[in-house]
Amino acid sequence: MKSSIGVGLIGTGYMGKCHALAWNGVKAVFGDGPRPRLVHLAEVNRDIARQKADEFGFGKATGDWRELIADPDVDVVSVTTPNAFHAEMAMAALEAGKHVWCEKPMAVALADAERMAAAASASGKVAVLGYNYIQNPLIRQIGAILADGTIGTVNHVRLEMDEDFMADPEALLYWKSEASSGYGALDDFGVHPLSLLQVLLGPVTKVFAHLSKPYADRPTKEGTRRAVETFDTASVLFEMGAGISGVMALNRSAWGRKGRIALQIFGSKGTVVYDQERMNELQLYVASDRPTEQGFRTILAAPQHAPYDRFIPAPGHGLGFNDLKIIECHELLKAIGGESARVIDFSTGLVIEKVVHAMYESHRRGAWVVLE
Ligand code: NAD
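Please read all numbers here as calculations on a predicted model, not as lab measurements. (Residues numbered from 1 in each chain as written. Predicted model: local features only at pLDDT ≥ 70, side-chain atom pairs only at ≥ 80, totals over all residues. Heavy atoms only, no water.)

Undergrad: Got a sec to walk through the domain arrangement of the chain? Specific residues and values, please.
TA: Domains assigned within the chain are domain 1 (4–130) and domain 2 (133–370). Here the C-alpha centre of domain 2 lies 24 Å away from the C-alpha centre of domain 1. Counting residues at the interface gives 42 residues for domain 1 and 33 residues for domain 2. There are two salt bridges connecting domain 1 and domain 2. Among the salt bridges present, the one from K104 reaches D188, with a minimum N-O distance of 3.3 Å. Applying the counting criterion to the domain 1 and domain 2 interface returns ten residue pairs in polar contact (both at pLDDT 80 or more). Only helix 1 (14–30), helix 4 (86–95), strand 5 (99–102), helix 5 (110–123) and strand 6 (127–129) provide two or more residues apiece to the side of domain 1 that touches domain 2. In terms of residue count, the dominant contributor to the side of domain 1 that touches domain 2 is helix 1 (eleven residues). (Domains from an automatic or database assignment. Contact = heavy atoms within 4.5 Å. Salt bridge = Lys/Arg side-chain N within 4 Å of Asp/Glu carboxyl O. Polar contact = N/O pair within 3.5 Å; in protein donor to acceptor, adjacent residues only side chain to side chain. Helix = DSSP H or I, 4+ residues; strand = E, 2+ residues; numbered from the N terminus.)

Listed below in structure tokens is the structure:
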């Protein structure tokens, strides 16, 4: 493996900063792998790009993302722009021979996601998606609990993802309410719990969905009102292989919920429960406990839950959201180095996209949709 790797970053909003922090931190946290060289940063114009490049530690700055992609010093490109840009930017990077770390959702149109998966496979480069929640050491621990049979055979799953950034009916309309961003809660939110399902229990096989718009229109920064084009809530029934049924509820207008991704997995011998709002703990109920001592026990994140130990040696002190991004970055670098890695690549990402589009199709038809 090379001793360093050249990084390009497109976009410097919420996720752009998370990627920048991850690229800055990954070597200090993990010690191994190549040292990231922060080579080139792209934004909507050169002034913003220059300012952010200085803040984040990147050398070159451009207002034209194609210049970054053409830069021979860039080996890997972080795509952190709004959803509508993912397909074009990721495919251009792959075609230029770069590895790609693209934010979720993979694309807006299913045909674009299919093209991205094909481009990744043809390029021989590593292309992974920003499914950071699968990186939580406690999500890995849930995987271990399922694998060793502690809760028996899983028969039912309940997933919820709620936040309140769209709960205020007078909040300004922005790209997340435009159809160019996708369906709304389904591809903005739904893909995250689906990524957890994918790594813990495998793919969804059948769906029945209902979508809704809590608010018909929103104010714009120009002082007018415009129709909301996306669905901020989704209620979904689903089935998975091996007789697992499930329910998924999504709401971007849920006052009081700040970052809830609640997961309940019910098995023949117990239950495991997790909520991203309390990302450093999980709850486990084991039916074989003595009847007088039955109840959910709380397990706090600790160095025994790798790679928590790479951040901090003390149990119960906790990791944060940006630490998940650092772990994701490390897994990406492992994949680039040819090691086995815990990532959702473009081919598995396409599986998730197909489920999301099947959910929209089910809503449109008012019927169950079976995935191939
Ligand atoms: P944002 O609006 O905060 O940031 C987007 C950035 O892209 C802005 O800085 C904008 O100026 C820049 N940009 C837009 N067009 C550009 C162009 N043509 N060239 C260069 N830069 C351009 O958005 P965000 O919340 O960071 O979301 C970005 C992506 O990250 C979305 O796809 C979103 O779904 C995803 N996201 C992922 C997570 C997660 O947990 N993994 C969380 C939030 C957002």
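Resuming the write-up.
Undergrad: Can you lay out the site of the ligand for me, pointing to particular residues and giving the numbers?
TA: Taken together, 26 residues surround the ligand, and among them M15, E43, N83, E103 and N132 come closest. G13 places a polar main-chain atom, nitrogen or oxygen, 3.2 Å from an oxygen atom of the ligand. For the ligand, a nitrogen atom lies 2.7 Å from a polar atom in the side chain of N132. Compared with its free state, where it exposes 850 Å², the ligand has 84% of that area covered by protein. Of all elements in the fold, only helix 1, helix 4 and helix 9 (321–336) reach the threshold of two or more residues within the shell around the ligand. Looking at side-chain class alone, the shell around the ligand contains twelve nonpolar, ten polar and four charged residues. Among the domains, domain 1 (4–130) and domain 2 (133–370) are the pair contributing at least three residues each to the shell around the ligand. (Near = heavy atom within 4 Å. Areas by Shrake-Rupley, 256 points an atom, 1.4 Å probe, with all protein chains shown as cover. Nonpolar A, V, L, I, M, F, W, Y, C, P; charged D, E, K, R; others polar.)

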